[in-house]
Amino acid sequence: MAPPAEITIPTTSQHPPDDNSKPYTLYNITLRLPLRTFVVQKRYSDFATLHQTLTSLVGAPPPAPLPGKSWFKSTVSSPELTEDRRRGLEAYLRAIAESPDRRWRDTPAWRTFLNLPSMSSTSNSAASIRAGYGIPSKDAANAAAAQDPGTWLDLHGEMKRDFQEARRCLAKRDSATDNSAALEAGSAAKKALVKAGSLLTVLGDGLRAMSDARRLGEGEIRRRKDLLAAARVEREDLEKLSTTVSAAAKASQKGMPSAADKAALLGNGPKTGRRVLGAPLPETERTRELDNRGVMQLQRQMMKEQDQDVEELTKIIRRQREMAEAIHREVEEQTDMLDHVNNQVDILSSKVNIAKNRTKKIS
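Residues numbered from 1 in each chain as written. Predicted model: local features only at pLDDT ≥ 70, side-chain atom pairs only at ≥ 80, totals over all residues. Heavy atoms only, no water.

## A look at the overall build of the protein
Stage number 1. A tally of helices and strands in the protein yields 11 helices and three strands.
Stage number 2. Scanning the protein from its N terminus toward the C terminus, one meets helices and strands in the order β-β-β-α-α-α-α-α-α-α-α-α-α-α.
Stage number 3. Only carbon and sulfur atoms are counted for the fraction: they give 55% of the accessible area of the protein, which is about 23600 Å². (Helix = DSSP H or I, 4+ residues; strand = E, 2+ residues; numbered from the N terminus. Areas by Shrake-Rupley, 256 points an atom, 1.4 Å probe, with all protein chains shown as cover.)

## Let's talk about the packing of helix α1 (residues 44–58) against helix α2 (residues 79–98)
Stage number 1. Direction vectors running N to C along α1 and α2 enclose 30 degrees, while the axes themselves pass 12 Å from each other. As judged from the angle between their axes, α1 and α2 are roughly parallel. By crossing handedness, the relation of α1 to α2 is classed as left-handed. Contacts from Y44, F47, L50, H51 and L54 of α1 reach α2 at R85, L89, Y92, L93 and I96.
Stage number 2. When the residues that make up the contact of α1 with α2 are grouped by side-chain class, the tally is eight nonpolar, one polar and one charged. (Axes fitted to C-alpha atoms, helices over the stretch in contact; angles between N-to-C directions. Parallel < 35°, antiparallel > 145°, perpendicular 65-115°, else oblique. Left-handed = near helix turned anticlockwise from the far one by under 90°. Contact = heavy atoms within 4.5 Å. Nonpolar A, V, L, I, M, F, W, Y, C, P; charged D, E, K, R; others polar.)

## Considerations on the sheet that holds strand β1 (residues 6–15)
Stage number 1. Strand order across the open sheet formed by three strands is β1-β2-β3, with antiparallel pairing between neighbours. Each edge of the open sheet is held by one strand with a lone partner, namely β1 and β3 (37–42). Averaged over all pairs of adjacent strands, the angle between strand axes in this sheet comes to 25 degrees, irrespective of strand direction. (Pairing = 2+ DSSP bridges.)

## Here we look at the packing of helix α6 (residues 149–175) against helix α7 (residues 179–212)
Stage number 1. It is the contact of α6 with α7, at a shortest axis distance of 8 Å, that shows an interaxial angle of 160 degrees. One finds that α6 runs roughly antiparallel with respect to α7. Of the two possible hands of crossing, α6 and α7 adopt the one that is left-handed.
Stage number 2. For the contact of α6 with α7, the per-class residue count stands at 20 nonpolar, three polar and six charged.

## Topic: the environment of A141
Stage number 1. Its location among the elements puts A141 in helix α5 (residues 138–146).
Stage number 2. Each C-alpha atom, one on A141 and one on Q41, is 6.3 Å from the other, the two residues being 100 residues apart in sequence.

## Side note on the pattern of salt bridges
Stage number 1. Applying the stated criterion to the full structure yields 20 salt bridges.
Stage number 2. Here K195 ties to E158 by a salt bridge, and the two come within 3.5 Å at their closest N and O atoms. Highlighted residues: K195 in helix α7 and E158 in helix α6, separated in sequence by 37 residues.
Stage number 3. Given a relative accessible area of 4%, E158 falls into the buried group.
Stage number 4. E165 is the salt-bridge partner of R168, the closest N and O atoms lying 2.6 Å from each other. Placement of the pair is R168 and E165 together in helix α6, with a separation of three residues, close to one helical turn.
Stage number 5. Taking the relative accessible area as the measure of exposure, R168 reaches 45% and is therefore partly exposed.
Stage number 6. Three or more residues joined by partner-sharing salt bridges are found here, namely E83, D84, R86, R87 and E90. (Salt bridge = Lys/Arg side-chain N within 4 Å of Asp/Glu carboxyl O. Buried < 20%, exposed > 50% of the residue type's maximum accessible area, 1.4 Å probe, protein only.)

## A closer look at the packing of aromatic side chains
Stage number 1. For the structure shown, the criterion picks out two aromatic pairs.
Stage number 2. Between Y27 and F47 the ring centres are 6.2 Å apart and the planes differ by 90 degrees, which places this aromatic pair in the edge-to-face class. Of this pair, Y27 sits in strand β2 (residues 24–32) while F47 sits in helix α1, and the two are 20 residues apart along the sequence.
Stage number 3. On the basis of relative accessible area, Y27 is assigned to the buried category, the value being 1%. (Phe/Tyr/Trp six-rings, centres within 6.5 Å; stacked < 30°, edge-to-face > 60°.)

## Quick look at the nonpolar core
Stage number 1. I29, L31, F47, L54, L93, W110 and L114 are the most contacted members of the largest nonpolar core, which totals 26 residues.
Stage number 2. Top element by residues in this core is α1. It accounts for five residues.
Stage number 3. Judged by nonpolar contacts, the second largest core, of 24 residues, contains L155, F163, C169 and A189. (Core = buried A, V, L, I, M, F, W, Y, C linked by side-chain atoms within 4.5 Å.)

Keep in mind that these numbers describe shape and distance, not what the molecule does.
So this is what it looks like as structure tokens:
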């Protein structure tokens with residue numbers, strides 16, 4: 001049995017068609033499952049088709065009525081109508097999802113509408129969930145999800161999982177002894193990096209949209225910008241690793257022993273426990289195929305990349321310092337306010353004592 005889904009429609013989007021026809025409103029349906037969160041975009045006509053299909057399959061209408069169609073207004077030009085219909089459609093879906101009667105939820109039309117895997121499917125894979133029936137594109141759904149503060153964090157978690165998958169595939173590639181296994185692992189790592197890169201772009205656009213709409217506080221905006229900066233650095237590091245080829249793959253491709261194997265065979269390999277001054281540095285995977293000019297260019301490139309990493313780190317530290325200074329100023333202001341309250345309490349206490357003394361004299 002599939003896990004229960006928490007269904008909401010937090011936002012809407014205006015979609016201009018490619019065939020120069022009239023624009024229409026898309027309702028961003030957010031589904032929160034125990035392991036992931038994703039967004040499905042549907043038009044009002046899709047809801048109407050779902051309502052007719054469920055009624056015909058079950059033999060009874062769903063527990064909540066479908067919001068009626070307006071013949072005099074359009075959701076494209078009327079924000080009030082869009083908001084009213086959004087609330088009504090959300091109540092309609094949640095009534096079906098939370099109803100004790102499962103007849104409407106167990107139909108194929110319901111699961112297809114929400115992009116859920118079929119009841120006969122044995123796996124709840126990400127590919128089956130992200131298939132995208134009836135939406136303009138998966139990127140459009142991700143863009144809509146990135147403009148919601150809650151689903152933004154879910155997309156960020158999905159991007160981090162893609163980074164972990166890419167790192168795992170790269171480790172598998174480097175440890176593989178078979179050339180085909182190494183190539184397959186390297187291809188899987190690049191695929192995960194491409195997916196993570198697209199999510200990183202969508203998250204940046206969504207964060208700018210939330211910042212412009214003031215849906216988050218300034219401190220939270222800075223924190224999420226720091227998360228994106230760290231994710232960019234991690235993606236660049238993984239992309240550098242993905243462009244290198246493991247020593248086992250090179251040896252299997254060329255059919256020749258490596259330099260370490262030759263040194264071990266001739267008996268003049270590096271000896272541990274001894275230090276030789278002035279000896280040349282050992283070759284690495286990135287310098288073995290380069291000449292002197294190539295090594296110089298590689299060194300300049302690495303220095304430039306290190307400078308960029310230092311600049312990013314400097315920006316993050318500067319933001320952290322600004323946040324710490326702002327917190328310090330706020331604490332000082334709160335301390336001054338507390339001191340002022342204490343002084344007022346002392347003054348009021350002395351006045352109360354004077355009043356008590358006068359009352360005693362009168363009595």
